[in-house]
Amino acid sequence: MFTIDTSVFVADLTPTESGHAESRALLDRLRADGTPLILPTLLLVELAGVIGRVHGDPERAGRIVANLSTNPQATFVALDAALALRAADLAAGHRLRGADAVYVGVAQQAGCPLITLDTEQLRRVAGVITAQTPAAALSSLPHAPDP
Amino acid sequence: MSISLETVRDLAGQLSPRDQVRLITLLSAQLETVVMDTPAPSSVEAWTTYDQLRTEFAALPEPTTSAVAELSASRR
């Protein structure tokens, strides 16, 4: 079980990103393993926004969001009052950015690592939860069985 | 040699209750293996569509800025 940051999906969808190959490899592995993905609904908003701004393609942004939001392997956690209070405590106690606190809150609540390519997020959440790059997460997984 | 489901059912009916339970246990174990090896169809469909979108995104013009850097900046 993993919480995946928006940056990993953004890199997977953008071949020119430096973290593209590792992001794709990790998502493909988690998909093959059927590993549950625990994601904040905030991811959908961020993904649509970044794709709309960087790729200038709101139509595809909408389609990728619709696709991810209905993927049975993904569980989306809404920012309800309980999660908001948890994230607020984390933001205040660990001086996190708002979005980082939401991701940490979701991962902490689920008891799973956060996978991210956002270097600032990696640095800030270290010590609060386990945060890894896709490459580090991949190397920590057991070897995939032969097909 | 082929055998029909009806024949198997008739033969199973001749087994003792204990052996019928053993047969069900055996078949359940086989069924579990099949189910565990086969991802849910809806998940497969979702990932297939995701793959199509990956291909479409790869064909888009190269962005002038890093999407990951843009995301991080938007969080400040």
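About the thresholds
- Residues numbered from 1 in each chain as written.
- Chains lettered and ligands numbered in written order.
- Predicted model: local features only at pLDDT ≥ 70, side-chain atom pairs only at ≥ 80, totals over all residues.
- Helix = DSSP H or I, 4+ residues; strand = E, 2+ residues; numbered from the N terminus.
- Buried ≥ 20, exposed ≤ 12 C-beta atoms within 10 Å, placed from the backbone.
- Contact = placed C-beta atoms within 7 Å.
- Nonpolar A, V, L, I, M, F, W, Y, C, P; charged D, E, K, R; others polar.
- Axes fitted to C-alpha atoms, helices over the stretch in contact; angles between N-to-C directions.
- Parallel < 35°, antiparallel > 145°, perpendicular 65-115°, else oblique.
- Left-handed = near helix turned anticlockwise from the far one by under 90°.
- Pairing = 2+ DSSP bridges.
- Expected span 1.5 Å × (residues − 1).
- Arc of directions from axis to C-beta.

Colleague: What should I look at first to understand the overall build of chain B in this one?
Modeller: For chain B, the count of helices and strands is 4 helices and 0 strands. Starting at the N terminus, the α and β elements of chain B follow one another as α-α-α-α. The burial tally for chain B puts 7% of its 76 residues in the buried class.

Colleague: Hey, could you run me through the environment of Leu138 of chain A in this one?
Modeller: All names here are of chain A. Tracing the sequence through the fold places Leu138 in helix H8 (residues 134-140). Classification of Leu138 by C-beta neighbours within 10 Å gives partly exposed; the count is 18. Once the C-alpha coordinates of Leu138 and Leu26 are considered, the two residues, 112 residues apart in sequence, prove to be 5.9 Å apart. Once residues within four sequence positions are removed from consideration, Leu138 is found in contact with Glu22, Ala25, Leu26 and Arg29.

Colleague: Whenever I open this one, the interface of chain A and chain B confuses me. Can you help?
Modeller: Where interface size is quoted, it is often the accessible area lost as the parts come together. Between chain A and chain B, the residue contacts involve 33 residues of the former and 26 residues of the latter. Among the elements of the structure, helix H1 (6-13), helix H3 (42-55), helix H4 (58-69) and helix H6 (98-110) of chain A are those that each provide at least two residues to the side of chain A that touches chain B. Split by residue class, the side of chain A that touches chain B holds 10 nonpolar, 12 polar and 11 charged.

Colleague: Would you take a moment to explain the packing of H1 of chain A against helix H4 (residues 67-74) of chain B for this structure?
Modeller: Angle between the axes and distance between the axes: these two values describe a pair of packed helices. In the contact formed by H1 of chain A and H4 of chain B, the axes pass within 9 Å of each other and the chain directions differ by 155 degrees. By the angle between their directions, the pair H1 of chain A and H4 of chain B is classed as roughly antiparallel. Crossing geometry of H1 of chain A relative to H4 of chain B is assigned as right-handed. Here Thr6, Ser7, Val10 and Ala11 of chain A of H1 of chain A come into contact with H4 of chain B, specifically with Ala67, Val68 and Leu71 of chain B. Taken together, the residues that form the contact of H1 of chain A with H4 of chain B break down as 5 nonpolar, 2 polar and no charged.

Colleague: What is the right way to read the sheet that holds strand S1 (residues 3-4) of chain A from this model?
Modeller: Within a beta sheet, neighbouring strands are joined by backbone hydrogen bonds and run either parallel or antiparallel to one another. All names here are of chain A. Reading across the sheet, the 3 strands line up as S1-S4-S5 and stay open at both edges, with parallel pairing between neighbours. Here the strands that pair on one side only, and so sit at the sheet edges, are S1 and strand S5 (131-132). With 2 bridges joining them, strand S4 (residues 114-115) and S5 adopt parallel strand pairing. Counterpart to Leu114 in the pairing with S5 is Ala131.

Colleague: Just checking my understanding: could you explain H3 of chain A for this structure?
Modeller: Each α-helix turn comprises 3.6 residues. Residues three or four places apart therefore point the same way. The end-to-end C-alpha separation of H3 of chain A is 19 Å, in line with the 20 Å expected for 14 residues at 1.5 Å each. Taken residue by residue, H3 of chain A has Leu42, Leu43, Glu46, Leu47, Val50, Ile51 and Val54 of chain A as its buried positions. Down the axis, H3 of chain A shows its buried residues gathered within 150 degrees of arc, on one side only. At its buried positions, H3 of chain A is contacted by H1, strand S2 (37-40), H4 and H6 of chain A together with H4 of chain B. Trailing H3 of chain A by a residue or two, Gly56 of chain A shows a phi angle of about 60 degrees, which is positive.

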